[in-house]
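# Observations on the model geometry
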Amino acid sequence: MTEGLKWTVNEVPKSDDKHLELMSEENVKKANEFHRSFPQYSVTPLQNLSSLAKYLGVKNIFCKDESYRFGLNAFKVLGGSYAMGRYIAKELGRDISELPYNVLSSDKLREEFGQATFFTATDGNHGRGVAWAANRLGQKAVVRMPKGTTKTRFDNIVKEGATVTIEEVNYDDCVRMAAAEAAKTEHGIIVQDTAWDGYEEIPSWIMQGYGTLVLEADQQLKEMGVERPTHVFVQAGVGSLAGAVVGYFAYKDNPPVMAVCEASAADCLYRSAVAKTGNLVNVTGDLQTIMAGLACGEGNTIGWDILKNHVDVFASCPDWMSAKATRIYANPLGDDPHVVSGESGSVPLGFCFTALHDEDAKDLKEALKLDENSVVLVISTEGDTDPVRYREIVWDGLYGTNESLSK
């Protein structure tokens, strides 16, 4: 069943690709060394879904499971922490390699650097990561959240000592609000994983920070005897993570087929691909979707530049597709591991499953060049960051594919 699914092969005119260098292995390794200095660091699992792969008729499916990241149940902290470290290093005229966690979190550095306030807007995971990092580095954090934010996501950020509010506007307007507040605050800095003209340095650092997860996955695949995946499926909100993952593999020889999945309520990259002008097309309104982390209607200019040059297929995915994949992860086949994947985490698997499984998706399977030799990497960016909603999906069949269950 492909009801509500829209997808397009990428035919956007290519640019000079000036941003791809950001995701070189050298730059990503630098970010990874920074993360490795944190006492909370450990490599998150690469789950081998071999029974599911056999069922769907491909060679392998691997899931990079970010529910284990730093005890925060999501990948986002990788970007925020690295950008904050890079910002502090730049202010002090030092290289980030000189500022590992034990130095950054020291009283001596706080005396040298002083007190900054890091502002951000978030649907949940990014703000939690920024608040967590600010808390550990002895800095302040102010977080603005869009209307419709759940109490669980709000409370998780408050616990990290940040100043947090839920505003009566959507995510993109919260970004503008946080940026305006930062501009008026002494030593105020906006730490946002979206870029716009004039605001590109911090988002580029955030993307490099996200590179840690794909560098790990690449190394884990090699340890399992897989030189490279043939296919990569990754989700996009503003496109920072997608740009990081796609950029990392595109920088290498013989890159995989790459697909980017968005929530249909906030499918700015898909619409930009359909327009074929090379420019971003924004989506406005309330952006209502269960995929809270993907409810972003305005794309990251840096991420988009990488994506339009290197993505094969862009997809606009309905909520049921995410919910179905959350249930598939929660109810594994054979000896496959149980993966807790939240609504924004599961959609790449949902899209891949649909392409391989559904009779009316044969043209999609063909466009993606999926066959019995395919080795698929999907990214699960979060665990049950909203436990109530997770239970509603897994226990109660919320957004089920049968009409009687559909919301």
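Residues numbered from 1 in each chain as written. Predicted model: local features only at pLDDT ≥ 70, side-chain atom pairs only at ≥ 80, totals over all residues. Heavy atoms only, no water.

For the protein chain, the count of helices and strands is 16 helices and eleven strands. Its C-alpha atoms give the protein chain a radius of gyration of 20 Å, near enough to 22 Å, the size a compact globule of 407 residues would have. Seen through its principal axes, the protein chain has C-alpha atoms that stretch 60 × 45 × 45 Å. Within the protein chain, the proportion of its 407 residues that are buried is 60%. Sequence-distant contacts, at least 24 apart, represent 74% of the contacts inside the protein chain between residues at least 6 apart. Both charge centroids of the protein chain, one from 40 positive and one from 57 negative side chains, sit 2 Å from each other. (Helix = DSSP H or I, 4+ residues; strand = E, 2+ residues; numbered from the N terminus. Rg over C-alpha atoms; globule rule 2.2 N^0.38 Å. Buried < 20%, exposed > 50% of the residue type's maximum accessible area, 1.4 Å probe, protein only. Contact = heavy atoms within 4.5 Å. Lys, Arg positive; Asp, Glu negative; His and termini not counted. Charge placed at Lys NZ, Arg CZ, Asp CG, Glu CD.)

For the rest of this paragraph, the subject is the sheet that holds strand E5 (residues 140-145). Overall, parallel pairing links the four strands, which are arranged E6-E5-E4-E7 in an open sheet. Whereas interior strands pair on both sides, the edge strands pair on one side only; in this sheet they are strand E6 (163-166) and strand E7 (188-190). Averaged over neighbouring strand pairs, the angle between their axes works out to 15 degrees when direction is ignored. In this sheet, E6 lies alongside E5 in parallel orientation, the contact comprising four bridges. When the bridges of E6 are listed, Met145 appears paired with Ile166. (Pairing = 2+ DSSP bridges. Axes fitted to C-alpha atoms, helices over the stretch in contact; angles between N-to-C directions.)

Put simply, the largest pocket is a space of about 370 Å³. What lines the largest pocket is a set of 21 residues, among which Lys147, Gly148, Gln288, Thr289 and Ala292 lie closest to the centre. Classifying every residue of the lining of the largest pocket gives seven nonpolar, six polar and eight charged. Of the voids in this model, the second largest pocket is the one considered here, and its volume is about 210 Å³. Broken down by class, the residue content of the lining of the second largest pocket amounts to five nonpolar, four polar and three charged. (1 Å grid on protein atoms, 1.4 Å probe; cavity = no way out; pocket = protein on both sides within 12 Å on 5 of 7 lines; lining within 4 Å. Points joined across faces, edges and corners; volume = space filled by probe spheres on them. Nonpolar A, V, L, I, M, F, W, Y, C, P; charged D, E, K, R; others polar.)

Take helix H12 (residues 301-310) next. Burial analysis of H12 places eight of its ten residues in the buried class, which makes it a mostly covered element. Check the buried side of H12 and you find it contacts helix H9 (201-223), helix H10 (240-250), strand E9 (257-263), helix H11 (268-275) and strand E10 (313-317).

Residues Ile88, Val191, Val260, Leu307 and Phe314 are the most contacted members of the largest nonpolar core, which totals 93 residues. If you tally residues by element for this core, the top one is H9, at ten residues. With sequence-adjacent residues up to four places away left out, Phe314 is seen in contact with Lys6, Trp7, Thr8, Asn10, Val260, Leu269, Tyr270, Ala273, Trp304 and Leu307. Leu49, Cys261, Met321 and Leu398 belong to the second-largest nonpolar core, a separate cluster that totals 42 residues. (Core = buried A, V, L, I, M, F, W, Y, C linked by side-chain atoms within 4.5 Å.)

A word on the environment of Lys369. If you trace the backbone, Lys369 turns up in the loop between helix H15 (362-367) and strand E11 (375-380). For Lys369, a relative accessible area of 56% corresponds to the exposed category. Lys369 sits 30 residues away from Val339 along the chain, and the two C-alpha atoms are 26 Å apart. Discounting chain neighbours no more than four positions away, the residues touching Lys369 are His231 and Ser374.

Checked against the element boundaries, Thr381 lands in the loop between E11 and helix H16 (387-394). Given the relative accessible area of 4%, Thr381 is considered buried. Within polar-contact distance, the side chain of Thr381 engages the side chain of Gln235 at 3.4 Å. Engagement of the side chain of Thr381 in a polar contact is seen with the backbone oxygen of Ser344, the distance being 3.5 Å. (Polar contact = N/O pair within 3.5 Å; in protein donor to acceptor, adjacent residues only side chain to side chain.)

The rolling of a water-molecule-sized probe over the atoms marks out the regions of remaining empty space. Counted under the stated rule, the structure contains four cavities of 30 Å³ or more. Put simply, the largest cavity is a space of about 260 Å³. Phe75, Lys76, Asp193, Gly293 and Leu294 are, among the 25 residues lining the largest cavity, the residues nearest its centre. Listed by contribution, the elements that provide at least two residues to the lining of the largest cavity are helix H6 (125-136) and H10. By residue number, the principal contributor to the lining of the largest cavity is H10, which donates three residues.

The subject of this paragraph is the sheet that holds strand E1 (residues 6-9). What the seven strands build is an open sheet, ordered E1-E10-E9-E8-E11-E3-E2; its pairing is mixed. This sheet does not close on itself; its edge strands, each paired only once, are E1 and strand E2 (46-48). Strand-to-strand twist in this sheet, taken as the mean axis angle between neighbours without regard to direction, amounts to 20 degrees. Inspection of the sheet shows E9 paired to E10 by five bridges, in the parallel sense. Of the residues in E10, the one forming a bridge with Cys261 is Ala315. Along the sheet, H10 contacts strand E8 (231-235), E9 and E11; its crossing angle with E8, the most-contacted strand, is approximately 160 degrees.

Within the secondary structure, Asp336 is located in the loop between helix H13 (319-330) and helix H14 (343-357). Among buried Asp, Glu, Lys and Arg side chains, Asp336 stands out as unpaired, with Lys54 the closest opposite charge at 11 Å. Here Ser51 takes part through its backbone nitrogen, which lies 2.8 Å from a polar atom of the side chain of Asp336. At 2.9 Å, the side chain of Asp336 and the backbone nitrogen of Leu52 are in polar contact. (Salt bridge = Lys/Arg side-chain N within 4 Å of Asp/Glu carboxyl O.)

With that out of the way, let us pick up unusual backbone geometry. Notably, Asn73 is not glycine yet its phi reads approximately 70 degrees, a positive angle. In this model, Asn254 sits at a positive phi of 55 degrees, which is unusual for a non-glycine residue. Checked against the element boundaries, Asn254 lands in the loop between H10 and E9. The class for Asn254 is exposed, based on a relative accessible area of 53%.

Function cannot be read off these values alone, since they describe shape.
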